[in-house]
Amino acid sequence: QKEVEQDPGPLSVPEGAIVSLNCTYSNSAFQYFMWYRQYSRKGPELLMYTYSSGNKEDGRFTAQVDKSSKYISLFIRDSQPSDSATYLCAIDSGYSTLTFGKGTMLLVSP
Amino acid sequence: ETGVTQSPTHLIKTRGQQVTLRCSSQSGHNTVSWYQQALGQGPQFIFQYYREEENGRGNFPPRFSGLQFPNYSSELNVNALELDDSALYLCASSQGQGPTYNEQFFGPGTRLTVL
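Residues numbered from 1 in each chain as written. Chains lettered and ligands numbered in written order. Predicted model: local features only at pLDDT ≥ 70, side-chain atom pairs only at ≥ 80, totals over all residues. Heavy atoms only, no water.

Chemist: Any details on the overall build of chain A? Residues and values, ideally.
Modeler: When you go through chain A residue by residue, the secondary structure sums to zero helices and eleven strands. For chain A, the sequential pattern of α-helices and β-strands runs β-β-β-β-β-β-β-β-β-β-β. Across its three principal axes, chain A shows a C-alpha extent of roughly 40 × 30 × 20 Å. Among the 110 residues that make up chain A, the fraction classed as buried is 44%. (Helix = DSSP H or I, 4+ residues; strand = E, 2+ residues; numbered from the N terminus. Buried < 20%, exposed > 50% of the residue type's maximum accessible area, 1.4 Å probe, protein only.)

See the structure below:
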């Protein structure tokens, strides 16, 4: 079993839709959970990070961690064509060592 | 404030050759991590350097090696290139060490093609 599992998509939605992106992980010791956005041919950029369980909101983005089920989610409200990118979940394995999921490609059509 | 920069942007090599990729960390950052991102995959951790010492390594063979310089810039060297080494190589810098969260800032990557 891989440490972080993520459906690669692609996920296609119309503009304005609510998007739900998800990952599962295997190691219950993980404490820090991140979502990165990666545009084509660019490096990943941090969207949000969450410590332990709970929700965190930043504008149209909400990150959610459920440590009991080892499940992390990112919700995007009122999706825009500019949100079209690959979304990577990542977990800090300790001392700034990140373990990434495969990434989910999101396409938001006007 | 200058972000993380990497050079070159693209590189084409043939199997068996050696390659050196370079990374300049963000101002004030003393930790550099390298990741390999194959097409359609998430980045995979190669190794990390903190204050010029290797400080952790992923599941990569010894032909992947690195250096960190006193100004915290870094190099990734790959010997005896294989076709499967074709990937985007990402450098990320962060400030500090320890079990608390330290945000990593990624560079744009170097795309390596091995023929």
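Having seen the structure, we can now continue with the description.
Chemist: Can you explain the pairing of strand β4 (residues 31-37) of chain B? Please cite residues and give values.
Modeler: Residue and element names in this part refer to chain B. When you tally the buried positions in β4, you get seven out of seven residues, the bulk of the element. Pairing between β4 and strand β5 (residues 44-50): six bridges, direction antiparallel. Bridge pairing links Y35 to F45 in β5. Linking two consecutive strands that pair antiparallel, namely β4 and β5, is a turn of six residues; a positive phi of about 80° is found at G40 within it. Direction of pairing for β4 relative to strand β9 (residues 87-94): antiparallel, over a ladder of seven bridges. In the sheet register, W34 faces β9, and the bridge partner there is C91. (Pairing = 2+ DSSP bridges.)

Chemist: Account for the packing of aromatic side chains, with residues named and values stated.
Modeler: One pass over the full model with this rule turns up eleven aromatic pairs over all chains. The interplanar angle of 55° and the centroid separation of 6.0 Å between the aromatic rings of Y25(A) and F30(A) together place this pair among those described as tilted. Under the relative-accessibility criterion, Y25(A) is labelled buried at 4%. By relative accessible area, which is 3% here, F30(A) ends up buried. Between the aromatic rings of Y36(A) and F106(B), the centroid separation amounts to 5.5 Å while the plane-to-plane angle is 85°, which identifies the pairing as edge-to-face. Residue Y36(A) is found in strand β4 (residues 32-38), and its partner F106(B) is found in strand β10 (residues 105-106); the two belong to separate chains. For Y36(A), a relative accessible area of 1% puts it in the buried group. (Phe/Tyr/Trp six-rings, centres within 6.5 Å; stacked < 30°, edge-to-face > 60°.)

Chemist: Now, about the side chain of Q48(B): what can you tell me, with residues and values included?
Modeler: For Q48(B), the position within the fold is in strand β5. Of note is the side chain of Q48(B), whose polar atom sits 3.1 Å from the side chain of S33(B). (Polar contact = N/O pair within 3.5 Å; in protein donor to acceptor, adjacent residues only side chain to side chain.)

Chemist: Describe the nonpolar core, and please don't skip the residues or the numbers.
Modeler: Counting 23 residues, the largest nonpolar core has W35(A), I72(A), L74(A), I76(A) and Y87(A) as its most contacted members. Elements represented by at least two residues in this core include exactly β3 (19-25), β4, β5 (45-51), β7 (61-66), β8 (71-76), β9 (85-92) and β11 (104-109) of chain A. Setting aside chain neighbours within four positions, we find I76(A) in contact with A17(A), I18(A), V19(A), L21(A), R60(A), F61(A), D83(A), Y87(A) and L106(A). Counting residues in hydrophobic clusters, the runner-up holds 20 residues, among them C23(B), W34(B), Y49(B) and L81(B). (Core = buried A, V, L, I, M, F, W, Y, C linked by side-chain atoms within 4.5 Å. Contact = heavy atoms within 4.5 Å.)

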